[in-house]
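Structure at a glance
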Amino acid sequence: MARVLKLLAFVPPVLLGLMFVLQGAAALINPATAAKAWGFDLPAGGFALSSMVGIIASHGLALGLCLFIAVIRREKFWFYPPMLMFFFLGLGRLIAGLVHGSAFMPERFVAEFAFVGLLYLSSLFVTKETA
């Protein structure tokens, strides 16, 4: 039973890593579709378009690759950058909704805080055993 639970600890980082690598790659291939997943339309061109494509691609690829490295190398510190990215993304959404007048969407920031918790638990069980 313990072995099954240890294998289940690999599921959240692998699925989240795959989802965000695909999202980052989609931002490079078809940025308009990737932007729709984030809930906005891309600007028509210029500096804003360049910045938004770069931000979406870098966020997705960095988050996903860190999770894949964490699972492959089984080292706890590789979980920390994705956990920080999810935490601050959720915090930013929460503050935007409470303070800045954006739509208050708990289904987004609660999920991001849950991802932090899942990745923390995964980091406890996926990492190498030390003697």
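Residues numbered from 1 in each chain as written. Predicted model: local features only at pLDDT ≥ 70, side-chain atom pairs only at ≥ 80, totals over all residues. Heavy atoms only, no water.

1. Looking at the packing of helix H2 (residues 11–29) against helix H6 (residues 106–126)
The N-to-C vectors of H2 and H6 enclose an angle of 130 degrees; their axes lie 8 Å apart at closest approach. It follows from the interaxial angle that H2 and H6 lie oblique. Of H6, the residues touching H2 (which contributes Pro-12, Pro-13 and Leu-16) are Phe-115, Leu-118, Leu-119 and Ser-122. In terms of residue class, the contact of H2 with H6 is made up of six nonpolar, one polar and no charged. (Axes fitted to C-alpha atoms, helices over the stretch in contact; angles between N-to-C directions. Helix = DSSP H or I, 4+ residues; strand = E, 2+ residues; numbered from the N terminus. Parallel < 35°, antiparallel > 145°, perpendicular 65-115°, else oblique. Contact = heavy atoms within 4.5 Å. Nonpolar A, V, L, I, M, F, W, Y, C, P; charged D, E, K, R; others polar.)

2. Remarks on the pattern of salt bridges
Scanning the model with the defined rule gives three salt bridges in all. Across the pair Asp-41 and Lys-36 runs a salt bridge, and its minimum N-O distance is 2.3 Å. Classification of Lys-36 as exposed rests on a relative accessible area of 54%. Glu-112 is the partner of Arg-93 in a salt bridge, and the nearest nitrogen-oxygen pair spans 2.9 Å. One end of the pair, Arg-93, is in helix H5 (residues 80–98); the other, Glu-112, is in helix H6, and 19 residues separate them in sequence. Of the two residues, Arg-93 and Glu-112, both sit in the buried class. (Salt bridge = Lys/Arg side-chain N within 4 Å of Asp/Glu carboxyl O. Buried < 20%, exposed > 50% of the residue type's maximum accessible area, 1.4 Å probe, protein only.)

3. A short note on the packing of aromatic side chains
In total, this model carries seven aromatic pairs according to the counting rule given. Measuring from ring centre to ring centre gives 5.3 Å for Phe-87 and Phe-88, while their planes differ by 75 degrees; the resulting arrangement is edge-to-face. Residue classification places Phe-87 among the partly exposed residues on the basis of a relative accessible area of 34%. Feature note: the residues Phe-87, Phe-88, Phe-104, Phe-109 and Phe-113 constitute an aromatic cluster, connected by ring pairs. (Phe/Tyr/Trp six-rings, centres within 6.5 Å; stacked < 30°, edge-to-face > 60°.)

4. Re helix H3 (residues 31–38)
Among the residues of H3, those classed as buried are Ala-34, Ala-35 and Trp-38. Taken end-on, H3 shows its buried residues confined to a sector of 100 degrees, consistent with a single buried face. Buried residues belonging to H3 abut H2, helix H4 (46–73), H5 and H6. (Arc of directions from axis to C-beta.)

5. Comments concerning the nonpolar core
The biggest cluster of nonpolar side chains holds 18 residues, and the ones touching the most others in it are Leu-16, Phe-20, Ile-56, Leu-67, Phe-79, Phe-86 and Leu-119. If you list the elements that add at least two residues to this core, you get H2, H3, H4, H5 and H6. When residues of this core are assigned to their parent elements, the largest contribution, five residues, is made by H4. (Core = buried A, V, L, I, M, F, W, Y, C linked by side-chain atoms within 4.5 Å.)

6. Observations concerning the confidence of the model for the protein chain
Regions with low pLDDT should not have their predicted coordinates read in detail. On average, residues of the protein chain carry a pLDDT of 91, and 97% of them reach 70 or more. Mean pLDDT across the elements of the protein chain ranges from a minimum in helix H1 (residues 2–8), with 78, to a maximum in H5, with 96. (pLDDT = per-residue confidence, 0-100.)

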